Amino acid sequence: MTSEVKDIDIVQYDDDIVKKFAIATLIWGFVGMLVGIIVAIQLANWRFNFGLPWITFGRLRPLHTNAAIFAFAGNAIFAGIYHSSQRLLKTRLFSDALSNIHFWGWQLIIVSAALTLPFGFTVGKEYAELELPIKIAIAVIWVVFGVNFFGTIAKRREQHLYVAIWFYIATVITVAVLHIVNSVNIPVSILKSYPVYAGLQDGLVQWWYGHNAVAFFLTTPFLGLMYYYIPKAANRPVYSYRLSIVHFWSLVFIYIWAGPHHLLNTALPNWAQTLGMIFSLMLWAPSWGGMINGLLTLRGCWDKVRTDPILKFLAAAVTFYGMSTFEGPLLSIKSVNSLAHYTDWIIAHVHGGTLGWNGFMISGMLYYLVPRLWNTKLYSVKMANFHFWTGTLGIAIYMLSMWTAGITQGLMWRAVDASGHLVYPDFVETVMRIVPLYYVRAVGGTLYLVGYVVMMFNLFKTMANAPATQRSETVRAKPLTASFGEVAAEGGHRSIEGLPAIFTTLVVIAVLVASIISIVPTLMSPAYSDGMPAIRPYSALEIAGRDIYVREGCYLCHSQQIRTLPFDVLRYGPASTPEESMYDHPFQWGSKRIGPDLARVGKKYPDVWHYRHMMDPRTVTPNSIMPTYGWLEKSALDFDIIPKKLGVMKIVGVPYSDYQIQNGAVDAHHEAEQLAARLVEQGAPKGLEDKEIIALIAYLQALGQMSNKPAATTN
Amino acid sequence: MENKEKLLDHDYDGIKELDNPLPGWWLATFYGAIVFAAIYFFYYHIGNGPGPKEELAKGLAEFETMSAVGGSGKGIDVDKLNAFFHDSGRIKDGGAVFQLRCASCHGVNAEGNIGPNLTDKFWIHGDGSLAAIAKVVTEGVGDKGMPPWGAILKPDELYSVVAYVKTLKGSNPANGKAPQGNEVKD
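Residues numbered from 1 in each chain as written. Chains lettered and ligands numbered in written order. Predicted model: local features only at pLDDT ≥ 70, side-chain atom pairs only at ≥ 80, totals over all residues. Heavy atoms only, no water.

1. Observations concerning the overall build of chain A
Counting secondary structure elements, chain A contains 25 helices and five strands. Taking 27 Å as the expected radius of gyration for a compact globule of 715 residues, we find that chain A reaches 26 Å, a close match to that expectation. Viewed in the frame of its principal axes, chain A has a C-alpha envelope of about 90 × 50 × 50 Å. By residue count, 68% of the 715 residues in chain A fall in the buried class. In the form shown here, chain A has an accessible surface area of approximately 23,800 Å², with 67% of it arising from carbon and sulfur atoms. In chain A, which carries 54 positive and 45 negative side-chain charges, the distance between the mean positions of the two groups comes to 10 Å. (Helix = DSSP H or I, 4+ residues; strand = E, 2+ residues; numbered from the N terminus. Rg over C-alpha atoms; globule rule 2.2 N^0.38 Å. Buried < 20%, exposed > 50% of the residue type's maximum accessible area, 1.4 Å probe, protein only. Areas by Shrake-Rupley, 256 points an atom, 1.4 Å probe, with all protein chains shown as cover. Lys, Arg positive; Asp, Glu negative; His and termini not counted. Charge placed at Lys NZ, Arg CZ, Asp CG, Glu CD.)

This is the structure we're talking about:
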């Protein structure tokens, strides 16, 4: 595609691949948000789970988050990175073949996610739910993307890398590291695997991953997009090159440390919690550096922001980014977190970021891209403005309702009266209070989707109006001539901008140093050697039940972590200890309490209570919003796979004997028969001994009962 | 103001960059956060700042004190139980607590469901006296799935519901669950 005229190359960009990713973004965004509205309605009214396993909340919620993050935001950043990088580097993408493998591979991954998550194939770790074969596919496709991206840098015709490219480099490198380290699983079968990490170590790795997925999938690529599309659309110079340098490096280095702020006041060692908190506070300024540079670039053209929908979306997106990155450090303060954690305040925070920052950046970018790529004009500016205002109103309703719900419920959980008793000892009472707000939230989300659908219509119309013959943009550019010595001689930051290998190496060092210091000590330390109370591993039947708990996504509504907070201990019993989850592959500490904590639910209720509760929660807990799980008493438990499961658990460090492994199925049958007999005695129907419900009840009754030593109240 | 700003000779696809300094207030927040982080770390991890265990113990001790002042204390006040048992208003309150907390397992009329029938002469734990019922309600029976209500019910609620349960003997509701435990003669 490149022909030489003396020493000037005529470069034709590959805009077809950008078009493909843009269309995929539009479609998957709709799917992801639609599922979001469905789960929002399910929380408002449990009947909308319809008693069907594959559309019950616990299975759909991962589909919503994965679709919104990896399908919607993912395709958008690929579109934006491929579009802007070619122009910033003055070259066509490295390889058309790799571009297409990247595109189709990514779509295939999304489709396999949609075909596995609703059927309960999940690892059980948030935003990392996809099972091992899909995880491997993600790693492979990401490497394809990386080769294509760095290959493009290698054949560039612009000596220096612009700040957008810096952010893309950080994205490509860090997402690969995060994904691979958090995906080290041993398979039991093709679609079932256990992480090698357990308990608090798994928790630390997961939230190092989870938090930095937000950082390097939803923040750094979007900052890169901001640095390209805002100055382009506004036709203004970037406010401060020096600010770009300082906030880029501080952001990349500091972000990595902040993961443990998802585990404040838990059994995680206190020093790791403190690092998570103080690095989150230090992250405030680097984040705002990006906002300032974005907003101040718009100085002198705010009149244009009022009329141009592209700028309107981009400016609002950056404002939402500023809000979220102020709120994030605030929520990371241990005392604030003790109120907000596990509540809908976090949901409000997340959606300010995703709907406001990511969603509006993507919208602004698409309004910029589609008319230019298809060589035509936007079908309707009016519709774009309508989209902007419904979207903004939707976000406002969403966030206000969830802030209110979160703070209300957080205050109710901690309310203690003058006699030292909980004012709201019934968890369900605190849920009933906020259910009306769940309806309000669904309205906010729906408004946002309405705006989005108007954009889809507007942009597809724009594409339909495009001239029949389409040609990618061409540009004339000189090949690079400067030698290494010449670039190095420029000195300071300017020289590393001209030397991508060195720049990338420095990013790798920043990310790895921070990662190693913040997670490796906990991974290496004999975390459980503190007296080593006798914790027994799960029995054969309990392991089977635990997998059902994971499959149904129970962890999405129930935590298993009683924090070191007096009101948590008053409500749920002694604070959780690290030992208690030492055999938990994966950990199930959870991040949200839509229902109560379950760390010590074992033996709290009779077996038959659990049976009735799973069949219809409202028979034992009036006003519960939990779905029904009727299929668990019908579907047969797979006993034959239990020895295989125990075998893999042994590989990852759970001390099962060979005898226990070989007899796993027999032992499980034996346990199941005893439990089923007890259930019949208590009034449950006969014939449950080979059903899934039996295993789940066995698991639930074991929670908090694994330690032979009673936990000290003040632990 | 714009004119005084220095434009760098950078040009990326038409994007230019200004050479503005870092805003002072922004730098101040950055340095401020770093200083705070250092002080916080030193106070809690090198100095004498209380750890989570100490803070939890302190918080729980406060609840204990409040609980003692609030009147329930540790032991069960049998005189107060007797007084409640003879107070029809308290019995009525106890009935309401029963419907809210107990009926899901013991049945709306205490006829027994998941939990045992509370209207017959048979008792699994204790002798059916006010003190024995109060003990089971306060401490629960872990193995059988009876939750401890001592930390959940306020003292008056607990005493009322115990008094209410005691009044149920011989009420003989429909569909009564078969007797469990030992018969207690009057």
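That covers the picture; the talk isn't over yet.
2. A short note on a nonpolar patch on the surface
Judged by side-chain polarity, Ile-41, Phe-48, Phe-50, Leu-52, Trp-54, Phe-119 and Phe-121 of chain A come together as a nonpolar surface patch covering roughly 640 Å² of accessible area. Along the chain, Phe-48 of chain A turns up in the loop between helix 1 (16–44) and helix 2 (57–89). (Patch = residues over 30% accessible without salt bridge, like charges linked within 9 Å, V, L, I, M, F, W, Y side chains within 5 Å. Salt bridge = Lys/Arg side-chain N within 4 Å of Asp/Glu carboxyl O.)

3. Some details on the interface of chain B and chain A
In many reports, interface size means the accessible area that the parts give up when they come together. With 58 residues of chain B in contact, the opposing surface of chain A contributes 73 residues. A per-residue breakdown of the area chain B buries against chain A is headed by Tyr-12, Asp-13 and Ile-114 of chain B, which together make up 13% of the total. In this structure, the connection of chain B to chain A is made through five salt bridges. On the surface where chain B and chain A come into contact, there are 18 residue pairs in polar contact (both at pLDDT 80 or more). The set of elements that each furnish at least two residues to the side of chain B that touches chain A consists of helix 1 (24–46), helix 2 (52–70) and helix 4 (88–106) of chain B. Ranked by the residues each element gives to the side of chain B that touches chain A, the list is headed by helix 1 of chain B, at eleven residues. For the side of chain B that touches chain A, a count of residues per class yields 33 nonpolar, 14 polar and eleven charged. (Contact = heavy atoms within 4.5 Å. Buried area = accessible area lost by both parts, 1.4 Å probe. Polar contact = N/O pair within 3.5 Å; in protein donor to acceptor, adjacent residues only side chain to side chain. Nonpolar A, V, L, I, M, F, W, Y, C, P; charged D, E, K, R; others polar.)

4. Brief notes about the packing of aromatic side chains
Inspection of every chain in the model, using the stated rule, returns 57 aromatic pairs over all chains. Judged by centre distance (5.9 Å) and plane angle (35 degrees), the ring pair of Trp-142 of chain A and Phe-217 of chain A falls under tilted. Of this pair, Trp-142 of chain A sits in helix 4 (residues 132–154) while Phe-217 of chain A sits in helix 6 (residues 199–217), placing them 75 residues apart in sequence. A relative accessible area of 5% means that Trp-142 of chain A is categorised as buried. On the basis of relative accessibility, which here comes to 2%, the residue Phe-217 of chain A falls in the buried class. Here the aromatic rings of Trp-166 of chain A and Phe-503 of chain A are separated by 5.7 Å at their centres, their planes lie at 40 degrees, and the arrangement is tilted. Here the residue Trp-166 of chain A occupies a position in helix 5 (residues 163–181), and Phe-503 of chain A occupies one in helix 18 (residues 500–524), the gap between them amounting to 337 residues. As far as the burial class goes, Trp-166 of chain A and Phe-503 of chain A line up, both buried. One cation-aromatic arrangement involves Lys-80 of chain B over Tyr-159 of chain B; the distance from NZ or CZ to the ring centre is 4.7 Å. (Phe/Tyr/Trp six-rings, centres within 6.5 Å; stacked < 30°, edge-to-face > 60°. Lys NZ or Arg CZ within 6 Å of the ring centre and 35° of its normal.)

5. As for the domain arrangement of chain A
Residue and element names in this part refer to chain A. The domains assigned to chain A are domain 1 (13–159) and domain 2 (540–702). Here domain 1 and domain 2 have C-alpha centroids that lie 33 Å from each other. On the side of domain 2, 20 residues touch domain 1, which itself brings 19 residues to the contact. At the boundary of domain 1 with domain 2, total buried surface from both sides reaches about 1,600 Å², with 64% on carbon and sulfur atoms. Summed over the shared surface of domain 1 and domain 2, the number is one salt bridge. With a closest N to O distance of 2.8 Å, Glu-552 and Arg-59 form a salt bridge. Connecting domain 1 to domain 2 are three residue pairs in polar contact (both at pLDDT 80 or more). Per-element accounting of the side of domain 1 that touches domain 2 gives the leading share, five residues, to helix 2. (Domains from an automatic or database assignment.)

6. Looking at the pairing of strand 5 (residues 474–477) of chain A
Residue and element names in this part refer to chain A. In strand 5, alternate side chains face the same way, and those of Val-475 and Ala-477 are buried while those of Thr-474 and Arg-476 on the opposite face are not. Relative to strand 5, strand 2 (residues 8–12) runs antiparallel, the two sharing four bridges. Bridge pairing links Val-11 to Val-475 in strand 5. (Pairing = 2+ DSSP bridges.)

7. Details of the pairing of strand 4 (residues 192–195) of chain A
Neither face of strand 4 of chain A is open: one carries Lys-192 and Tyr-194 of chain A, the other Ser-193 and Pro-195 of chain A, and all of them are buried. Between the end of strand 3 (residues 185–189) of chain A and the start of strand 4 of chain A, which pair antiparallel, lie two residues.

8. A short note on the side chain of Glu-126 of chain A
Tracing the sequence through the fold places Glu-126 of chain A in the loop between helix 3 (96–116) and helix 4. Residue Glu-126 of chain A is classed as buried on the basis of its relative accessible area of 5%.

9. Describing the pattern of salt bridges
Residues and elements named next belong to chain A. Within this structure, the stated rule accounts for 34 salt bridges over all chains. Note that Arg-92 is salt-bridged to Asp-96, the shortest N-O span being 2.9 Å. The class for Arg-92 is buried, based on a relative accessible area of 11%. In this structure Asp-96 comes out as partly exposed when scored by relative accessible area, which is 32%.

10. Digging into the packing of helix 4 of chain A against helix 5 of chain A
Angle between the axes and distance between the axes: these two values describe a pair of packed helices. Residues and elements named next belong to chain A. Look at helix 4 against helix 5: their axes get within 10 Å of each other, and the N-to-C directions meet at 155 degrees. Judged on the interaxial angle alone, helix 5 and helix 4 are roughly antiparallel. Here helix 4 runs over helix 5; the crossing is left-handed. Where helix 4 abuts helix 5, its residues Lys-135, Ile-138, Ala-139, Trp-142, Phe-145, Gly-146, Phe-149, Phe-150 and Ile-153 lie against Ile-165, Tyr-168, Ile-169, Thr-171, Val-172, Ile-173, Val-175, Ala-176, His-179 and Ile-180. (Axes fitted to C-alpha atoms, helices over the stretch in contact; angles between N-to-C directions. Parallel < 35°, antiparallel > 145°, perpendicular 65-115°, else oblique. Left-handed = near helix turned anticlockwise from the far one by under 90°.)

11. Observations concerning the side chain of Lys-90 of chain A
Relative to the helices and strands, Lys-90 of chain A is located in the loop between helix 2 and helix 3. Ignoring any residue separated from it by four or fewer positions in sequence, one finds Lys-90 of chain A in contact with Val-11, Tyr-13, Ser-85, Arg-157, Glu-158, Val-475 and Ala-477 of chain A together with Asp-13 of chain B.

12. Quick word on helix 3 of chain A
Residue and element names in this part refer to chain A. The terminal C-alpha atoms of helix 3 lie 30 Å apart, and with 21 residues this matches the ideal 30 Å at 1.5 Å per residue to within 8%. The elements touched by buried residues of helix 3 are helix 1, helix 2, helix 4 and helix 6. Where helix 3 begins, the side chain of Ser-95 points an oxygen toward the backbone nitrogen of Ala-97, at a separation of 3.2 Å. (Expected span 1.5 Å × (residues − 1).)

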